[in-house]
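Residue strings, one per chain:
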Amino acid sequence: MFKREIVMEKYVCEVCGYVYVPEKGDPENGIEAGTPFEKLPDDWVCPVCGVGKEQFKKKED
Amino acid sequence: MIVSEIKDGIYTIFLQDWDRRLFDELIPLPDGTTYNSYFLFDEKNVLIDTADPVKTEKLFEALKRLNVKKIDYVVSNHSEQDHSGSLPDLISKFPEAKIVVSEKGKKFLTSLLLIPEEKFIVIKDGEVLSIGEKKLRFIEAPWVHWPETILTYEEKNKVLFSCDLFGSHLATSKIYSCENEIYEPAKRYYAEIMMPFRTHIKKHLEKIEKVDIDLIAPSHGPIHNSPPFIIDAYKDWISDNVKNEVVIPYISMHGSVAKMVDYFIDRLTEKGIVVKPFNLSKTDIGQLAISFVDAATVIIASPTVLAGPHPLIFYASYLFKILRPKTKFLSIIGSYAWGTNMVKLLSEMVPSRDIEVLEPIVIKGYPKEDDFDLLDNLAERIYIKHKENKII
């Protein structure tokens, strides 16, 4: 009756401002569309500026 | 040019650009630079990297001197145009040549130089290409300083062709680096090009240290025939260790900030802290970048111009932000005549992590007794912070 929608969080790179959108993934770097940020491999880096996952924070909006 | 055999069948093609004074229309080159390629003769002939497009004719002249009749492979370690720029002309002159690249390198060369897809051979990390007695092993080394970069290791002669990593902008007629000559240009190069990628370099060094290397042959500047020297220097620069130094990029328009800076330098010096002030209207930004490599603290000192910091202060602060140095403490000092929004505007420039911001001091007009007291306190805070962090 109630449809629960799971919304995957976007994450923003604090160094360059790139936004990771889980629905899009990062196919250029082998990350399939639909991959939540938490499931990205540890060695995944920001595709724009190269910093690690620890430099990302949840996008507030 | 330097066309010289460094190992059995391995030749340098070093093209000096003695007069170049600016790179990327940004970075000063006090000592010019070189674009280095290497030619390997074997059953298959290989050119490792090419040159900046302005030197394409020189590259062809060098190939002629080497009596090169055919090229089987061109290894493109890095797609940036100062190393790949001669590729379009090269492949039309040597149409049989295939370009050996990483997957990303292929994408970049396709989009930047419009090279057709069929020209490429894509390799992966650890792959070995036998060219006869010589064997080329490719090491993926992304983010030094582009995401596509590879290093090429020739197993028989133990030569690591490291492209930009371990490079230096130094036009010289010497093939090999001399330790006391190369340290400063190599550090400058690291500061300007490599510093944002410290964590990546750390991983690459772990890989490189497992390889038996006789020569490190970069794409700018001389060859390192004592690899531990440059590797140890890099290890020091990329480490989290900072030095007991305060860097002060500053501007003063009418003397108030200059007075603050002058007073502050003396107080810090009295505490045994090394101070490096940079008057941004005169300084070489490369020198400023070098000073960011290992200083514990940076103090930005600015007057107020139309409510904000001086534009050159914005420029230096932006460089500080994008170069991502390992600086631990940061503050702002400055002056205004009737009002200022300097701290708020500059704080948007400050990297949000891994840096502790000390209370800024922004004063009205020329510094007075109370203002000097504030500077005394800031000098003392910096001293205590350095001491607590075992930097002193």
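Heads up: these notes are all about the structure in this document. (Residues numbered from 1 in each chain as written. Chains lettered and ligands numbered in written order. Predicted model: local features only at pLDDT ≥ 70, side-chain atom pairs only at ≥ 80, totals over all residues. Heavy atoms only, no water.)

With that out of the way, let us pick up the sheet that holds strand S13 (residues 159-163) of chain B. Residue and element names in this part refer to chain B. On the basis of which strands lie adjacent, the open sheet formed by five strands has the order S10-S11-S12-S13-S14 and mixed pairing. Looking at the sheet topology across the chains shown, the edges are occupied by strand S10 (128-130) and strand S14 (215-218). Taking each pair of neighbouring strands and ignoring which way they run, the sheet shows an average axis angle of 25°. Here strand S12 (residues 150-154) runs beside S13; their pairing, made up of three bridges, is antiparallel. When the bridges of S13 are listed, Tyr153 appears paired with Leu160. (Pairing = 2+ DSSP bridges. Helix = DSSP H or I, 4+ residues; strand = E, 2+ residues; numbered from the N terminus. Axes fitted to C-alpha atoms, helices over the stretch in contact; angles between N-to-C directions.)

A separate point is the pattern of salt bridges. Residues and elements named next belong to chain B. Under the counting rule described, the total for this entry stands at 26 salt bridges over all chains. Between Lys271 and Glu380 there is a salt bridge, with its nearest N and O atoms 2.7 Å apart. Of this pair, Lys271 sits in the loop between helix H8 (256-270) and strand S16 (274-279) while Glu380 sits in helix H12 (residues 369-388); the two residues are 109 residues apart in sequence, bridging distant segments of the chain. When its relative accessible area of 33% is taken as the criterion, Glu380 is described as partly exposed. Here the salt bridges share partners, and the residues they tie into one network are Lys187, Asp236, Lys243 and Asp294. (Salt bridge = Lys/Arg side-chain N within 4 Å of Asp/Glu carboxyl O. Buried < 20%, exposed > 50% of the residue type's maximum accessible area, 1.4 Å probe, protein only.)

This next bit is on helix H6 (residues 198-208) of chain B. All names here are of chain B. Taken residue by residue, H6 has Arg198, His200, Ile201, His204, Leu205 and Ile208 as its buried positions. Looking down the long axis of H6, one finds its buried residues gathered within 150° of arc, a one-sided arrangement. With respect to the buried face of H6, the exposed residues turned more than 90 degrees away are Thr199 and Glu206. In this structure, the buried side of H6 is in contact with strand S11 (135-140), S12, S13, helix H5 (179-194) and helix H7 (227-238). (Arc of directions from axis to C-beta. Contact = heavy atoms within 4.5 Å.)

Don't take any of this as a statement about function, it's just geometry.
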